[in-house]
Amino acid sequence: AIDPFAHTMTLLGDITLISNAPMLDVDRDTDGSLLAVTRDGVYEILPSGQLREVADVSAPTGTNGMAINDFGELFLTTSDDADSGAWRIDRSVTPARLVEVGGFSNDQVSSGDCVFTKTGDLLMSIKNPDNTDADDVIVEIDVETGATTVIGTIGFPRVFGLSASFNGLFGVTQGGQIIEIDRNT
């Protein structure tokens, strides 16, 4: 648990991974449960630290982010060159199905995460894969049309762990910094 105002992190407990598959991202579902995405599926993290599968889906190889909107729809971000973009997980069918909702040209890929704002906008951090030291950019993706709108440069490279909370937008850099992002600029 991270408190961005007190600048503290608290370890809540260990998580038992399935087949040593790395956790790629976590988010809260609409029912309050904590979900995690791995290459093999989407799992609920139980209080015991065990994982329980909630969607059998093979995540694209470059999956690096997950967000859940107010309607319980799950979205993934990927950094797979030509397949980089945002994907909706249809978990009403088994196995779950991936549907692309927004993509980029080969000169932009997902940097590390996506997040839904309190107003329902899907934001994503992107980067130029050929210049990893360049600052990331925040884009908004229209999940109905796939249209992508550039909002602006974040001012930091390699921004992961986006969170829309406390009426702000936050990110975690690869260097471990917690930053507040001004969505207007």
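Residues numbered from 1 in each chain as written. Predicted model: local features only at pLDDT ≥ 70, side-chain atom pairs only at ≥ 80, totals over all residues. Heavy atoms only, no water.

A. Representation of the sheet that holds strand E3 (residues 25-28) within the structure. Read across the sheet, 4 strands follow the order E3-E4-E5-E6 without closing on themselves; strand pairing throughout is antiparallel. Of all strands in the sheet, those with a lone pairing partner are E3 and strand E6 (51-56), marking the two edges. Across the sheet, the mean angle from the axis of one strand to that of its neighbour is 30°, orientation sign disregarded. Where E3 and strand E4 (residues 34-38) come together, 4 bridges link them in antiparallel fashion. What sits directly across from Asp-25, in E4, is Val-37. (Pairing = 2+ DSSP bridges. Helix = DSSP H or I, 4+ residues; strand = E, 2+ residues; numbered from the N terminus. Axes fitted to C-alpha atoms, helices over the stretch in contact; angles between N-to-C directions.)

B. Structural detail: the pattern of salt bridges. In this structure the tally under the stated criterion is 8 salt bridges. Two residues, Arg-88 and Glu-144, come together in a salt bridge whose shortest N-O distance is 4.0 Å. Highlighted residues: Arg-88 in strand E9 (residues 85-90) and Glu-144 in the loop between strand E13 (137-141) and strand E14 (148-153), separated in sequence by 56 residues. With relative accessibility at 18%, the residue Arg-88 sits in the buried group. According to the relative accessible area criterion, Glu-144 is exposed, its value standing at 66%. Between Arg-97 and Asp-90 there is a salt bridge, with its nearest N and O atoms 2.8 Å apart. (Salt bridge = Lys/Arg side-chain N within 4 Å of Asp/Glu carboxyl O. Buried < 20%, exposed > 50% of the residue type's maximum accessible area, 1.4 Å probe, protein only.)

C. View of the environment of Leu-17. Relative to the elements of secondary structure, Leu-17 occurs in the loop between strand E2 (8-9) and E3. Given a relative accessible area of 34%, Leu-17 falls into the partly exposed group. Note: C-alpha distance between Leu-17 and Gln-50 (33 residues apart in sequence) is 7.5 Å. Beyond its immediate chain neighbours, meaning those up to four positions away, Leu-17 contacts Met-23 and Leu-51. (Contact = heavy atoms within 4.5 Å.)

D. Broad picture of the pairing of strand E11 (residues 109-116). Along E11, 8 of the 8 residues are buried, which leaves the element largely enclosed by surrounding structure. Pairing geometry for E11 and strand E12 (residues 122-127), over 5 bridges, is antiparallel. Residue Val-109 lies in a different strand from E12, and its bridge partner there is Lys-127. The loop that links E11 with its antiparallel partner E12 comprises 5 residues; one of these, Gly-120, has a positive phi angle of about 90°.

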